[in-house]
Structures are given as C-alpha cells and as structure tokens.
Amino acid sequence: MQHALGDAFQLLTPRCLPEWIGTDYLARDWCFEPLVFEMDHGIRRIVAKSDFIRMAFVHRHGGAWIDADTLLLRDPTASLFPHGLSAKLHWAGEALFGSQPGNLLLDQAIAEMAHRPAHRWGDPGGIRASVAAEPQSVVPIPARCFDPGYRPFYNFTTCDVMMRRDLDVSAFLVSPGTDVLKLYNTYFTRTRSSLPTVAHFLDEGSLLARLFLHIEPERAFWTERAEALIAQCAA
C-alpha cells in the first residue's frame, strides 16, 4: 500500500492509535455475537476492536480505510473516488470505505458499537442497514473496481486460485482497470500450516507471489519492506 500510495498512506499501529482516536476503546472487552465458524478468542477480540478503530478513525480524521488483506496494484484513488471524498459515505463494505470527517452514518455506527456488548461480524455498528436505509447519504464504490476479470468470479469461495502455479498473472488480471484486489486473509490463515519467510513465499511460485512480483519484480524490495514494517510496528 505504501508503495502505491506514498505519503498518502498512514499505517495504524497500537502505538500510534491513542494519538489518533484516544484511549477509551481500550477499556472495552470487544467481542462478536455468536459466529457460525470457529475463531480463536484473542483473534476475535482483535478483529472486533479493529471494526471500531476503522470507523472511529475515518469519522474523526476523514480519509479512506483499506483492510490489510488488500493488494494495491497501483494508486486506486482516481478509480475509487473519481470526484474526491465528499461528506457522504463512500462505501464498498467495512473493508474499504471513506469520507470527509464527521460522517453521520459512521457516527451512528460508532455510537451503536459503544452501546452494544457485542456486535455482528461484517456489520460493525449495524452500518449495512444504515447504508441500505439512506442511499442518498452513500456513494457506492463500484464492484468493477475490484474485479480482476478472472472467471469464475473471484471472491471468497474462489480465492484458492491464489495458490495456483499454472495460471499467468495476465490470465488473472483480465480487466485492465483493476487497481485493487481483496486477498481474503481468513482463507489463507485457515489453510496455511506455517508462515513462510518473504523469500520463501516469493519462491513458491503461487499466483499470489507472482502478483507481488508483478507490482515490483525486485525481490529484495519486498524483503526490505517487510523488515521495515516489522520495525515500524515495534517502534
């Protein structure tokens, strides 16, 4: 993301968050309503807390939130927000949305999350119902922005295509205007038995690895960026 966005990219870490959104959220035991799948309790708390963090940050400071399991092939600003960010909620889902500061729908979602002891997976603060009920307050981000053109249609149920070694990047990125790819990290964390090094990941020849090398072919770049990211999070 930093490679694509440059200085427009802001990485949120536990160390910098109090400066951006305060510390009140730290006192909550964040959790979800019962899930239909198994997930470690500690991870559930982190995900639930991140749902609040994203809403609170964009509401207070404006800008766009992008989930970490998103691959930017290039700067997507012009395709996602061709007329710039307005006071309305620019919405593709809780994984990618944006607005100017003070958005009313985000304000409602934040208040709902602060009030409820547990919230719904994929629907922080009931934001989906608000988006559906107030279309005049929403600028939908078109699905075509995320469609690489590959068929069957690329989504969570078909994301195992990323592990294929026999599919060229050009055969997957059929749509020339695709700037953004959702990577569905939940799938990878459930199917991988170990976490490879960056070098091993790039050498394994998967479509996902080759997509990274499509963005930047210099392998040392990715190793250096990973080390810099670890240092930044630990600082």
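**Q** Would you mind showing me how to read the packing of helix H3 (residues 41–61) against helix H5 (residues 104–115) here?
**A** For any two helices packed against each other, one specifies the crossing angle of their axes together with the interaxial distance. The geometry of H3 relative to H5 is characterised by a closest axis approach of 9 Å and an angle of 140° between their N-to-C directions. In this structure, the crossing between H3 and H5 has a hand that is left-handed. Here Asp51, Phe52, Met55, Ala56, Val58 and His59 of H3 lie close against H5, whose contacting residues are Leu106, Asp107, Ala109, Ile110 and Met113.

**Q** Would you take a moment to explain the environment of Phe201 for this structure?
**A** With respect to the helices and strands, the residue Phe201 is situated in helix H9 (residues 198–203). By relative accessible area, which is 14% here, Phe201 ends up buried.

**Q** What is the right way to look at the side chain of Asn103 in this model?
**A** Its place among the elements puts Asn103 in the loop between strand E4 (96–99) and H5. Since its relative accessible area comes to 3%, Asn103 is described here as buried. Here the side chain of Asn103 touches Ala87 through a polar contact of 2.9 Å, landing on its backbone oxygen. One polar contact links the side chain of Asn103 to the main-chain amide nitrogen of Leu105, over a distance of 3.0 Å. Ignoring anything within four residues of it in the chain, the contact list for Asn103 reads His59, Ala87, Lys88 and Leu89.

**Q** Help me out: how do you make sense of the packing of aromatic side chains in this one?
**A** The geometry of an aromatic ring pair comes down to the distance between the two centres and the angle between the two planes. Throughout the structure, instances matching the rule amount to twelve aromatic pairs. Relative to Phe172, the ring of Tyr154 lies with its centre 5.3 Å away and its plane at 85°, an arrangement referred to as edge-to-face. With Tyr154 in the loop between strand E5 (138–140) and helix H7 (169–172) and Phe172 in helix H7, this residue pair connects regions lying 18 residues apart in the sequence. Just as Tyr154 is buried, Phe172 falls in that class too.

**Q** Can you help me understand unusual backbone geometry in this one?
**A** Keep in mind that most residues, glycine aside, have a negative phi and that most peptide bonds are trans. Of the consecutive residues Arg151 and Pro152, the connecting peptide bond is found in the cis state with omega at 15°. Checked against the element boundaries, Pro152 lands in the loop between E5 and H7. Positive phi is not limited to glycine here, since Tyr184 has a value of about 55°. Along the chain, the position of Tyr184 falls in the loop between strand E6 (180–182) and helix H8 (185–191).

Here is what the cut-offs are and how they apply
- Residues numbered from 1 in each chain as written.
- Predicted model: local features only at pLDDT ≥ 70, side-chain atom pairs only at ≥ 80, totals over all residues.
- Heavy atoms only, no water.
- Axes fitted to C-alpha atoms, helices over the stretch in contact; angles between N-to-C directions.
- Helix = DSSP H or I, 4+ residues; strand = E, 2+ residues; numbered from the N terminus.
- Left-handed = near helix turned anticlockwise from the far one by under 90°.
- Contact = heavy atoms within 4.5 Å.
- Buried < 20%, exposed > 50% of the residue type's maximum accessible area, 1.4 Å probe, protein only.
- Polar contact = N/O pair within 3.5 Å; in protein donor to acceptor, adjacent residues only side chain to side chain.
- Phe/Tyr/Trp six-rings, centres within 6.5 Å; stacked < 30°, edge-to-face > 60°.

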